[in-house]
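Structural overview for review
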Amino acid sequence: MTFDVSKLESAVAARRSTRRYSDGVVSADRIEMVRELVADMPRLRPDIDVRAFVVEDGAALRSVMSGLIGSYGKPSAPHFVLVTSAEVDGCYENVGFAVEHAVLGMTVMGLATCWIGGQATRDVFEAAVPDIPADHVPVVVIAFGESPSALRKQGQVPSRKSMDVIAPDGIGLFGDLLEAARLAPSAGNTQPSRFFVDDDRIDAFAEFKTPFIYRARADHLQLMNRVDVGIALAHISIAARAAGRDATIDLTPRGHESFTYIASVVVGSD
C-alpha cells in the first residue's frame, strides 16, 4: 500500500508525536492497511533485511514494558509496530528512512503515532514476536492509535534548530527539501542531522552529542541518532518527489572533520 507523495509531504509538516490515545482500538480494516504500509516500506539500503511486526494487543505489550524505563517511554497506545533489522553497517539509518514512510502513511490515514527507541529491547520484542530472526536486533517501536492530537494545531510550529545549524554551509537550491528535513523528529529532540549541498546532491551527516540527561545511555542515543538522520533523509526524498524531481540514494563515503557521514540524496531537475 502506498500514498501519493504530495499527501506524505503534507504529513511531514502536519504530524505530531502523540503519547496519549483515545479509548478503543483501530478497526480491523485499518489495521490491515497498517500491515500493508509496513510491508511496502521503501529502503535507504534495499540490501538490508528489515522486519516490521504489527502488535494488536497494545495493553499486553505495555505490561511487558512496565518497569523497564520511565513512564515517558510507555504511551497509552492500543497498538504497536515493532521493527527489527539485520545487524549490519547502515541498518539504523535504513530503518529510520523506511519506517518514516509508514509513519507518515499512518498520519495520512488519520492515525496518531509515536517513535519509541527506549523500549526496543529483546525482552520486549520476544514477548510479542517469538520468531525474530537470530541475526536481527530490535531497533524501534512505533505506537499508533486514534487521538485528537495526531496533527499540529493550525499555526503551531515545532521546536527545531535553525537552518544555519543543520545546513552550516548554506542551502543552495534545496531550501524546500532541507526545510522538510529540518522538521524531522528525533530522539529527545536532539536533531543530529547536518547537511552539505553540492550542485545536484545533499550529503547527510550526523553530529553525535549527548545531553547530560542521556549520559547513561550515550551509546544507545548514538544509534537512535542514526535512525533520526534516516528519517530526515526520508523527508528530503519525499519532498523532492512531491516536487516532481528524482531522488536517488548515493552511499559513496564523504568525509568531514566534525561529523559522521550517513548517506546522500542526488536530486534530479523538475
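Since we're looking at a predicted model, the values are computed, not measured.

**A word on helix α8 (residues 218-242)**
An ideal rise of 1.5 Å per residue puts 36 Å on 25 residues; α8 measures up with 36 Å between its terminal C-alpha atoms. Within two residues after α8, G244 carries a phi angle of roughly 80°, on the positive side.

**A few points about the nonpolar core**
Among the nonpolar cores identified, the biggest contains 65 residues, and F195 and L233 are the most heavily contacted of them. Among the elements that make up this core, the one with the highest residue count is α8 (11 residues). Grouped together as the second largest cluster of nonpolar side chains are 19 residues, F80, A112, I116 and V141 included.

**Some remarks on the sheet that holds strand β2 (residues 79-86)**
In space, the 4 strands of this open sheet follow the order β1-β2-β4-β3, with antiparallel pairing throughout. Bordering the open sheet on either side are β1 (50-55) and β3 (112-116), each of which pairs with just one other strand. Neighbouring strand axes in the sheet, compared pairwise and without regard to direction, differ in orientation by 20° on average. Across the face of the sheet, helix α3 (residues 58-65) comes into contact with β1, β2 and β4 (136-145) while running at roughly 60° to β2.

**Quick look at the sheet that holds strand β8 (residues 260-267)**
Reading across the sheet, the 4 strands line up as β5-β6-β8-β7 and stay open at both edges, with antiparallel pairing between neighbours. Because the sheet does not close on itself, it has two edges, and the strands there are β5 (193-197) and β7 (247-250). Pairwise comparison of adjacent strand axes, ignoring direction, gives a mean angle of 25° for this sheet. When strand β6 (residues 201-206) meets β8, the two strands line up antiparallel, connected through 6 bridges.

**A few points about the environment of A150**
Its location among the elements puts A150 in the loop between β4 and α6 (163-166). Overall, the relative accessible area of 6% leaves A150 in the buried class. Spatially, the C-alpha atom of A150 lies 9.1 Å from that of Y21, the residues being 129 residues apart in sequence. Ignoring sequence-local partners within four residues, the contact set of A150 consists of A14, R15, R16, T18, G110, L111 and A112.

How each quantity is defined
Residues numbered from 1 in each chain as written. Predicted model: local features only at pLDDT ≥ 70, side-chain atom pairs only at ≥ 80, totals over all residues. Heavy atoms only, no water. Helix = DSSP H or I, 4+ residues; strand = E, 2+ residues; numbered from the N terminus. Expected span 1.5 Å × (residues − 1). Core = buried A, V, L, I, M, F, W, Y, C linked by side-chain atoms within 4.5 Å. Buried < 20%, exposed > 50% of the residue type's maximum accessible area, 1.4 Å probe, protein only. Pairing = 2+ DSSP bridges. Axes fitted to C-alpha atoms, helices over the stretch in contact; angles between N-to-C directions. Contact = heavy atoms within 4.5 Å.

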